[in-house]
Structures are given as structure tokens and as C-alpha cells.
Amino acid sequence: MTQDKLIYEVIEASMEVYNVLGPGLLESVYEKALLYELKLRGLKVSSQIPVNIEYKGNVIGSDLRLDIIVEDILIVELKSVESLLPVHFKQIRTYMRLLNKPMGLLINFNVSDFKNGYKVIK
């Protein structure tokens, strides 16, 4: 599957979750529903992945948790906030760098129109 097709599949699955559940719920609810939807579509997914933090060649912790990774290449960071902030974009780019992954998808389920609820990061 191409990277663009994978992104499309995850956006479509996210839209299905949004259409069924609607906006305004906790991020953890959307995460469980999205994991289920992605598995229904035959995609390989993992959630709450510990992210090792390396500082000057030493691992100093793995206190960060990545929301979802799809097919071992697409990082999916979920939010349920009033609006996405610059720090949210920096967060997903940091995850991409730390895990050496080529792309990310930032999804905010707390929007009135889902078309405005996601951003692809490459």
C-alpha cells in the first residue's frame, strides 16, 4: 500500500469514528474506536507505544506514549481539543524524528466539521 493510500484509509476510518460518535468525547474513547475501525479494515495497528528519549547518546526515559502507529510507518496523534495549537504539530514532528517515521497524521475529533479536523505531516 502506498503512503498516500494508507493516509487516506486512516482518514476514512477516522471519519467513520467521528460520524458514529460525534465530537466532544475524551481522546481515549476515540482512540479505542479508531483502533477497532482500523483493525476492521485489515490494518496493522499498535497503540500507546513507549517512546525512548535519548539525550547525548543515553536513553533517559520512555515517559512519552505515542497514541497509534499504523503499518509501522504512520504515526497518528489524536486530540479532542477546541483547536489545534502549534505545540501539537511540534509534538507529532518530534515523535516522527524520535521514531524515524516518514509521516504523521494529527487528528482532532472536537470539531464541527471533520474536514477541518486533521492534518497530514510529512
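Our subject is the structure that appears above.
Read on for an overview of the structure. (Residues numbered from 1 in each chain as written. Predicted model: local features only at pLDDT ≥ 70, side-chain atom pairs only at ≥ 80, totals over all residues. Heavy atoms only, no water.)

### A few points about the side chain of Asp-67
Relative to the helices and strands, Asp-67 resides in strand S2 (residues 58-70). The side chain of Asp-67 is buried and forms no salt bridge, while Lys-79, the nearest opposite charge, is found at 5.6 Å. Separated by 2.8 Å, the side chain of Asp-67 and the backbone nitrogen of Leu-78 make a polar contact. Every residue in contact with Asp-67, bar those within four places of it in the chain, is listed here: Glu-27, Glu-31, Ser-46, Ser-47, Gln-48, Val-76, Glu-77 and Leu-78. (Helix = DSSP H or I, 4+ residues; strand = E, 2+ residues; numbered from the N terminus. Buried < 20%, exposed > 50% of the residue type's maximum accessible area, 1.4 Å probe, protein only. Lys, Arg positive; Asp, Glu negative; His and termini not counted. Salt bridge = Lys/Arg side-chain N within 4 Å of Asp/Glu carboxyl O. Polar contact = N/O pair within 3.5 Å; in protein donor to acceptor, adjacent residues only side chain to side chain. Contact = heavy atoms within 4.5 Å.)

### Notes on the pattern of salt bridges
The full count for this structure, using the stated rule, is six salt bridges. Between Glu-9 and Lys-5 there is a salt bridge whose closest N-O contact spans 3.1 Å. One end of the pair, Glu-9, and the other, Lys-5, are both in helix H1 (residues 3-21), four residues apart, so they sit about a helical turn from each other. With its nearest N and O atoms 3.2 Å apart, the salt bridge here joins Lys-79 to Glu-77.

### A short note on the environment of Val-59
With respect to the element layout, Val-59 can be found in strand S2. On the accessibility criterion, Val-59 (54% relative accessible area) is exposed. Along the sequence, Val-59 and Ile-121 sit 62 residues apart, while their C-alpha atoms lie 26 Å from each other. Excluding its chain neighbours within four sequence positions, the residues that come into contact with Val-59 are Asn-52, Ile-53 and Glu-54.

### Description of the environment of Ala-33
Residue position: Ala-33 is located in helix H2 (residues 27-40). On the basis of relative accessible area, Ala-33 is assigned to the partly exposed category, the value being 23%. Apart from residues lying up to four places away in sequence, Ala-33 is in contact with Val-17 and Leu-21.

### With respect to the packing of aromatic side chains
How two aromatic rings sit relative to each other is given by the distance of their centres and the angle of their planes. Across all of its chains, the model carries four aromatic pairs by this definition. For the pair Tyr-30 and Phe-109, a centre-to-centre distance of 4.3 Å together with 5° between the ring planes defines the contact as stacked. Of this pair, Tyr-30 sits in helix H2 while Phe-109 sits in the loop between strand S4 (103-108) and strand S5 (118-121), placing them 79 residues apart in sequence. By relative accessible area, Phe-109 is classed as buried at 0%. Plain terms: the ring middles of Phe-109 and Phe-114 are 6.0 Å apart, the flat faces sit at 35° to each other, and that makes the pair tilted. Residue Phe-109 shares its accessibility class with Phe-114, and that shared class is buried. One aromatic cluster in this structure is built from Tyr-18, Tyr-30, Phe-109, Phe-114 and Tyr-118. (Phe/Tyr/Trp six-rings, centres within 6.5 Å; stacked < 30°, edge-to-face > 60°.)

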